[in-house]
Amino acid sequence: NTPVLSSASPMKTNITLRGRNKKFLFRVSAVSYKEFAKSALEETRKRIVLESSPLQEKYSSMTGLDGKTELQMLAFKSSKIRLLRSMAIENETTQVFDFAGFMEPEYDTPIFCANFFTSANMNIVVLDLNPLHQLTDQTDYQDKYYKNIMSIYHKYAETFPWGGKLTGESIKFFSPLVMWTRFSSSQEKHKALFSAFLEYYQAWLEMTIQVREEMEPSMVRANCEAQHKYLTWRAQKDPGHGLLRKLVGEAKAKELLRDFLFNGVNELGTKTFIDYFPEYQTEDGTVSDKRSIIGKSYETRPWDLTGQFIG
Ligand code: BLA
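Bear in mind the structure is a predicted one, so any value in this text is a computation, not a measurement.

A. Quick peek at the overall build of the protein. When you go through the protein residue by residue, the secondary structure sums to 9 helices and 12 strands. By residue count, 53% of the 311 residues in the protein fall in the buried class. Considering only intrachain contacts with a sequence separation of at least 6, the fraction spanning at least 24 residues in the protein is 63%. Of the roughly 15600 Å² that the protein leaves accessible, carbon and sulfur atoms contribute 50%.

Encoded structure:
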């Protein structure tokens, strides 16, 4: 079920350097994550009806405080998908992509999560269908959503090996399908990343089409709380915060995080960050500024080849 790849068209950027009386013009290939978003949306429209999200009116594009960085926001919904949104950030040296899909609480489908950060030839990548429910105590959830698609992970495992230690807390938001990797930029790698992105996305899209509505109110509540916990975590501790603050300032960054990127954090539940993650409470009751309490962990991939968690 491999998607047909139309283009992973690299974006051409002109960089001008001034030496003694001379101007050197380089054409470097940078990756264009806007093309990734466009392709995913095209694939979506072949399968389901997308409506524009009310968020799209508030968020479309922004220019960073430096006057040079462009932020592009896209937001959609469907009858089952509560929010399908994309943020692409680019300037001459940095490209960032944050693409996610969240279901209505009646559905327990995983959360689509693509987070790509590219700067100065270095790439930090997380691509996953983040589980809505903890996989360690819900093997049926793992069987339902991951067992049959582990081949997607294996296909890219060699090209995109485990990225090394990461914030320990993040692991419980990831599935055995996760592609967590770092690499230096090359056209080949970005082309492979484009393929992987579309393939993971197609798998997610298929899940959203197949999923049946949950009728049991207690299960709908559980889905809602699980999504709210996820949103609460990311709205507070996502590694992208620092850069976002630098690009658009504290107030705008906070608004983007709570109202756009992790929309639902104010609406889907009333529990606070400390309710979900009490280990972050400081002596005066506020949330610790620390990104992590556990620290960096998981030097190697904590799942075996079949997708069992081995820690
Ligand atoms: C780094 N981004 C990282 C890292 C991870 C993620 C695991 C490595 C550092 C770490 O261990 O924390 C991504 N972590 C995730 C994701 C989840 C998670 C997706 O827990 C989901 C649950 N990244 C972005 C955006 C920006 C960004 C939008 O997604 C910028 C606007 C930047 N990510 C970014 C930067 C780094 C990074 C600058 C390196 C700096 C650092 O390690 O803190």
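B. View of unusual backbone geometry. A positive phi angle is found at asparagine 121, which is not glycine, with a value near 75°. Take asparagine 121: its relative accessible area is 53%, and that puts it in the exposed class. A positive phi angle, close to 65°, is found at tyrosine 298, a residue other than glycine. With respect to the element layout, tyrosine 298 can be found in the segment after β12 (296-297).

C. Representation of the site of the ligand within the structure. For the ligand, the set of nearby residues contains 20 residues, the closest of which are Asn115, Thr167, Ser170, Arg291 and Lys296. The separation between an oxygen atom of the ligand and a polar side-chain atom of serine 170 is 2.6 Å. Protein burial of the ligand: of its 830 Å² of free accessible surface, 88% is covered by the chains. Only β7 (94-103), β8 (111-119), β9 (122-130), β10 (166-167) and α6 (217-237) provide two or more residues apiece to the shell around the ligand. With 3 residues, the single largest contributor to the shell around the ligand is β8.

D. The arrangement of the packing of helix α4 (residues 150-157) against helix α5 (residues 187-210) in detail. Close contact between α4 and α5 brings their axes to 11 Å; oriented N to C, the two are set at 175°. On the basis of their axis angle, the class for α4 and α5 is roughly antiparallel. Touching Ile152, Tyr153, Lys155 and Tyr156 of α4 are Ala192, Ser195, Ala196, Glu199, Tyr200 and Ala203, all from α5. Tallied by class, residues from the contact of α4 with α5 come to 7 nonpolar, 1 polar and 2 charged.

E. Representation of the pairing of β8 in the model. Counted residue by residue, β8 has 8 buried out of 9 residues, so it is predominantly covered. Bridge count for β7 against β8 is 8 bridges, and the pairing is antiparallel. What sits directly across from threonine 94, in β8, is serine 119. Across 9 bridges, the pairing between β8 and β9 is antiparallel. Each residue of the ladder has a partner; that of phenylalanine 117, found in β9, is isoleucine 124. Here β8 folds back onto β9, and the loop between the two strands holds 2 residues, one of which, alanine 120, carries a positive phi near 45°.

F. Region of the structure containing the nonpolar core. By size, the foremost hydrophobic cluster in this structure holds 95 residues, and its most contacted members are Phe99, Phe112, Phe116 and Phe197. The element contributing the most residues to this core is α5, with 12 residues. Ignoring sequence-local partners within four residues, the contact set of phenylalanine 99 consists of Ala37, Ala40, Leu84, Arg85, Ser86, Phe112, Cys113, Ala114, Phe197 and Tyr201.

G. Structural context of the packing of helix α7 (residues 241-248) against helix α8 (residues 250-261). Two elements in contact, α7 and α8, have axes whose closest approach is 7 Å; the angle formed by their N-to-C orientations is 125°. The angle between the axes of α7 and α8 places the two elements in the oblique class. For the crossing formed where α7 meets α8, the hand is right-handed. Where α7 approaches α8, its residues His241, Leu244, Arg245 and Val248 are matched on the opposing element by Glu250, Lys252, Ala253, Leu256, Leu257 and Leu261. Its residues assigned to classes, the contact of α7 with α8 comprises 6 nonpolar, 1 polar and 3 charged.

H. View of the side chain of asparagine 263. Mapped onto the secondary structure, asparagine 263 falls in the loop between α8 and α9 (273-276). Take asparagine 263: its relative accessible area is 14%, and that puts it in the buried class. Separated by 3.0 Å, the side chain of asparagine 263 and the backbone oxygen of aspartate 259 make a polar contact. Excluding its chain neighbours within four sequence positions, the residues that come into contact with asparagine 263 are Leu55, Arg82, Leu83, Leu231, Leu257 and Arg258.

I. Up close: the packing of aromatic side chains. A full pass over the atoms with the stated rule returns 36 aromatic pairs. Here phenylalanine 160 and phenylalanine 183 contribute two aromatic rings whose centre-to-centre distance is 5.3 Å and whose plane-to-plane angle is 50°, an arrangement assigned as tilted. With phenylalanine 160 in the loop between α4 and β10 and phenylalanine 183 in strand β11 (residues 179-184), this residue pair connects regions lying 23 residues apart in the sequence. When sorted by exposure, phenylalanine 160 lands in the same class as phenylalanine 183, which is buried. Judged by centre distance (5.7 Å) and plane angle (40°), the rings of tyrosine 201 and tryptophan 204 are tilted. Here the residue tyrosine 201 and the residue tryptophan 204 both occupy positions in helix α5, the gap between them amounting to 3 residues, near one helical turn. Owing to a relative accessible area of 0%, tryptophan 204 belongs among the buried residues under this scheme.

Conventions used here
As a convention, each chain's residues are numbered from 1 in the sequence order in which they are written. Since the coordinates come from a predicted model, pLDDT governs what is reported: local features require at least 70, and pairs of side-chain atoms require 80 or more to be given and counted, while whole-chain, interface and lining totals use all residues. In computing side-chain values, all of the structure's heavy atoms are included and hydrogens and water are not. Strands are runs of DSSP state E lasting at least two residues, helices are runs of H or I lasting at least four, and both sets are numbered from the N terminus onward. Each residue gets one of three labels from its accessible area relative to the maximum for its type: buried under 20%, exposed over 50%, partly exposed in between, using a 1.4 Å probe on protein chains only. The contact criterion used is simple: two residues touch if any of their non-hydrogen atoms lie within 4.5 Å. Using a 1.4 Å probe, the Shrake-Rupley method yields the accessible areas, and only the shown protein chains count as cover for residues. One heavy atom within 4 Å of a molecule or strand makes the whole residue count as near it. Pairs of N or O atoms are called polar contacts if they sit within 3.5 Å, as long as, within protein, a hydrogen donor faces a hydrogen acceptor (for residues adjacent in sequence, only side-chain-to-side-chain pairs). For helices, the axis comes from a line fit to the C-alpha atoms of the stretch in contact; other axes are also lines fit to C-alpha atoms, and the angle between any two N-to-C directions lies between 0 and 180 degrees. Here is the rule for angles: anything less than 35 degrees is roughly parallel, anything more than 145 is roughly antiparallel, 65 through 115 is roughly perpendicular, and the remaining ranges are oblique. Three classes are used, and their members are as follows: Ala, Val, Leu, Ile, Met, Phe, Trp, Tyr, Cys and Pro are nonpolar, Asp, Glu, Lys and Arg are charged, and the others, Gly among them, are polar. Note on pairing: DSSP must find at least two bridges between two strands before they are called paired. By convention a nonpolar core is built from buried Ala, Val, Leu, Ile, Met, Phe, Trp, Tyr and Cys residues, the set being connected through side-chain atoms within 4.5 Å. Here a crossing is called left-handed whenever its near helix is offset anticlockwise from the far helix by less than a right angle, and right-handed whenever the offset is clockwise. Under the pairing criterion, centres of Phe, Tyr and Trp rings, with the six-membered ring standing for Trp, must be within 6.5 Å; the plane angle then separates stacked pairs below 30 degrees from edge-to-face pairs above 60, leaving the rest tilted.

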